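Chain by chain, the residues run as shown.
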Amino acid sequence: MSPRKAAQKPATSTSGNDKKYEGFTDEERGAMKERAKELKAAARQAGKAADDESAVLAKIAEMPEPDRAMAERLHEIVKASAPDLSPRTWYGMPAYANKDGKVVCYFTPASKFNSRYATFGFNDDANLDEGSMWPTSFALTKLTAADEKKIGALVKKAAS
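Heads up: these notes are all about the structure in this document. Computed from a predicted model, the values in this text were never measured in an experiment.

Turning next to the sheet that holds strand β4 (residues 118-122). The strand order across the open sheet built from 5 strands is β1-β2-β3-β4-β5, with neighbouring strands paired in antiparallel fashion. Edge strands, defined here as strands with exactly one partner in the open sheet, are β1 (86-90) and β5 (137-140). If you compare each strand with its neighbour and ignore which way they point, the axes differ by 20 degrees on average. Where β1 meets strand β2 (residues 93-97), 5 bridges bridge the pair, whose relative direction is antiparallel. Counted as the bridge partner of Pro 87 is Tyr 96 from β2.

Where helix α4 (residues 67-81) contacts helix α5 (residues 145-159), the axes come no closer than 9 Å and their chain directions differ by 45 degrees. Relative to α5, the element α4 is oriented oblique. Here the hand of the crossing between α4 and α5 comes out right-handed. Where α4 abuts α5, its residues Arg 73, Leu 74, Ile 77, Val 78 and Ser 81 lie against Glu 148, Ile 151, Gly 152, Val 155 and Lys 156. Its residues assigned to classes, the contact of α4 with α5 comprises 5 nonpolar, 2 polar and 3 charged.

Here the focus is the packing of aromatic side chains. The tally for this structure, following the rule as stated, stands at 3 aromatic pairs. An angle of 50 degrees between the planes, with centres 5.1 Å apart, marks the rings of Trp 90 and Tyr 106 as tilted. Taken together, the positions of Trp 90 in strand β1 and Tyr 106 in strand β3 (residues 103-108) put the pair 16 residues apart, joining distant regions of the chain. Residue classification places Trp 90 among the buried positions, given a relative accessible area of 17%. Given the relative accessible area of 15%, Tyr 106 is considered buried. Here a set of aromatic residues connected by ring pairs shows up, and it is made of Trp 90, Tyr 91 and Tyr 106. Between Arg 35 and the ring centre of Tyr 91, over which it is positioned, the NZ or CZ distance is 5.6 Å.

A word on unusual backbone geometry. Trans peptide bonds make up the majority, and among non-glycine residues the majority have a negative phi. Look at the link from Glu 65 to Pro 66: it is a cis peptide, with omega at 0 degrees. Backbone geometry at Tyr 91 places phi at a positive 55 degrees, although glycine is not the residue there. Backbone geometry places Asn 114, a non-glycine residue, at a positive phi of 55 degrees. Mapped onto the fold, Asn 114 is located in the loop between β3 and β4. When its relative accessible area of 60% is taken as the criterion, Asn 114 is described as exposed.

Moving on to α5. Along an α-helix, residues three or four apart share an orientation, since each turn contains 3.6 residues. The end-to-end C-alpha separation of α5 is 21 Å, in line with the 21 Å expected for 15 residues at 1.5 Å each. Among all positions of α5, only Ile 151, Gly 152, Leu 154, Val 155 and Ala 158 are buried. Next to the buried residues of α5 lie α4, β3, β4 and β5.

The buried fraction of β2 amounts to 5 of the 5 residues, a majority that puts the element mostly inside the structure. The side-chain alternation of β2 yields two buried faces, one formed by Met 93, Ala 95 and Ala 97 and the other by Pro 94 and Tyr 96. The hairpin formed by β1 and β2 contains 2 residues between the paired strands, and Tyr 91 there has a positive phi angle of roughly 55 degrees. Here β2 runs beside β3; their pairing, made up of 3 bridges, is antiparallel. Of the residues in β3, the one forming a bridge with Tyr 96 is Cys 105. Where β2 folds back on β3, the antiparallel hairpin that results is connected by 5 residues, among which Gly 101 adopts a positive phi of roughly 85 degrees.

Conventions and cut-offs
- Residues numbered from 1 in each chain as written.
- Predicted model: local features only at pLDDT ≥ 70, side-chain atom pairs only at ≥ 80, totals over all residues.
- Heavy atoms only, no water.
- Pairing = 2+ DSSP bridges.
- Helix = DSSP H or I, 4+ residues; strand = E, 2+ residues; numbered from the N terminus.
- Axes fitted to C-alpha atoms, helices over the stretch in contact; angles between N-to-C directions.
- Parallel < 35°, antiparallel > 145°, perpendicular 65-115°, else oblique.
- Left-handed = near helix turned anticlockwise from the far one by under 90°.
- Contact = heavy atoms within 4.5 Å.
- Nonpolar A, V, L, I, M, F, W, Y, C, P; charged D, E, K, R; others polar.
- Phe/Tyr/Trp six-rings, centres within 6.5 Å; stacked < 30°, edge-to-face > 60°.
- Buried < 20%, exposed > 50% of the residue type's maximum accessible area, 1.4 Å probe, protein only.
- Lys NZ or Arg CZ within 6 Å of the ring centre and 35° of its normal.
- Expected span 1.5 Å × (residues − 1).

In C-alpha cells:
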C-alpha cells in the first residue's frame, strides 16, 4: 500500500451536529452480501425454480416469530393470488418475480433491520399505478383476514 493511501481517512460529516458518517449499518451490509450471493447463485442455476422456492422457504424458516408466521402466510397468499410469479430471495428476503425475472413484490421481516414492523412492498414493475399517487409498501404488525384479502387483491393486480 502506498504511503498516500495509508494516510487517507474515511469521510466524516461536516454538519453542525458533530455526528460522524459511519456508512451502512451491519444489517444493510448483510443484506447487500445476501444479494451478491443471490446474483451468483442465479447465474449458476438459471431456470431452476424449485431451487429458488426452496431458498425462500429456507429464509422463512430462519425467521423469528412473528415474522415467520407472516412470511409463511404471505407466501401462500402470493402463490394463490398470482401463480405466475416466481418465488426467489432478494437481499436475503422472500420476493416474487415476474416472467422477466423482475421482483414485483417482497416481504421485509421486522427482524431484518431491527424495525418495529415488517413490510410487504411492491417494486416499480408492479402494475399498481392509480392516478398520480399510490402506495408501494405496507407496514405489518400482524395479518388479519381483511389484510390477507387486500394483499391478495393487490398482488393479483400487481402481477397482471
